[in-house]
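# Fold and geometry: a report
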Amino acid sequence: MRIVVRDGRLVVDETASLPGRGAWLTPSMEAFESAVKRRAFRRAFRLDSDPDSQELRDHLVARTTPDAPPRVPPRPLAQTEQADRHMDN
């Protein structure tokens, strides 16, 4: 998966289309932990300090945990859908 830095944070670039320098990472916790340990993100993005990697860690945990809740909240129901559901009950 492609990773970019936004405001000092590592962000997953789902569509591989965000501007700026990107780095590719195997989507596994082992690869992530190895990269953090080796300070690979700092070198890849040519940063003066280590970027905040919590958002990327959370993404990988959610991706590798089978019973994790969906990352995207469900869309709100339109008024007509809500009314239909109430009438069905």
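Values in this document were obtained by computation on a predicted structure and should not be read as measured data.

## Structural notes on the sheet that holds strand β2 (residues 9–13)
- Ordered in space as β2-β1-β3, the three strands form an open sheet in which the pairing is antiparallel. Only two strands of the sheet have a single partner each, and these edge strands are β2 and β3 (22–24). Put simply, the sheet's adjacent strands are angled 35° from each other on average, direction ignored.
- Of the pairings in the sheet, the one linking strand β1 (residues 2–6) to β2 comprises five bridges and is antiparallel in character. For valine 4, the partnering residue across the bridge sits in β2 and is valine 11.
- Contacts between helix α3 (residues 54–64) and the sheet are confined to β1 and β2, with β2 contributing the most and set at about 40° to the helix.

## So, α3
- Within α3 the residues assigned to the buried category are Leu56, His59 and Leu60. Looking straight down α3, one finds that the buried residues subtend no more than 95° of arc, so they occupy a single side.

## Things to note about the pattern of salt bridges
- Counted under the stated rule, the structure contains three salt bridges.
- Between aspartate 13 and arginine 2 there is a salt bridge, with its nearest N and O atoms 2.4 Å apart. Taken together, the residues aspartate 13 in strand β2 and arginine 2 in strand β1 connect sequence positions 11 residues apart. Neither aspartate 13 nor arginine 2 differs from the other in exposure class; each is buried.
- Between glutamate 55 and arginine 9 there is a salt bridge; the shortest N-O distance is 3.1 Å. With glutamate 55 in helix α3 and arginine 9 in strand β2, this residue pair connects regions lying 46 residues apart in the sequence.
- Here glutamate 55 falls in the partly exposed class, since its relative accessible area comes to 37%.

## Points about the nonpolar core
- Ile3, Leu25, Phe41 and Leu56 are the most contacted members of the largest nonpolar core, which has 15 residues in total.
- Looking at this core, the elements with two or more residues in it are β1, β2, α1 (29–37), α2 (40–44) and α3.
- Counting residues per element, this core draws most heavily on α1, at three residues.
- Beyond its immediate stretch of four places on either side in the chain, leucine 25 contacts Met1, Ile3, Ala31, Phe32, Ala35, Phe41, Leu56 and Leu60.

Definitions and cut-offs
- Residues numbered from 1 in each chain as written.
- Predicted model: local features only at pLDDT ≥ 70, side-chain atom pairs only at ≥ 80, totals over all residues.
- Heavy atoms only, no water.
- Pairing = 2+ DSSP bridges.
- Helix = DSSP H or I, 4+ residues; strand = E, 2+ residues; numbered from the N terminus.
- Axes fitted to C-alpha atoms, helices over the stretch in contact; angles between N-to-C directions.
- Contact = heavy atoms within 4.5 Å.
- Buried < 20%, exposed > 50% of the residue type's maximum accessible area, 1.4 Å probe, protein only.
- Arc of directions from axis to C-beta.
- Salt bridge = Lys/Arg side-chain N within 4 Å of Asp/Glu carboxyl O.
- Core = buried A, V, L, I, M, F, W, Y, C linked by side-chain atoms within 4.5 Å.

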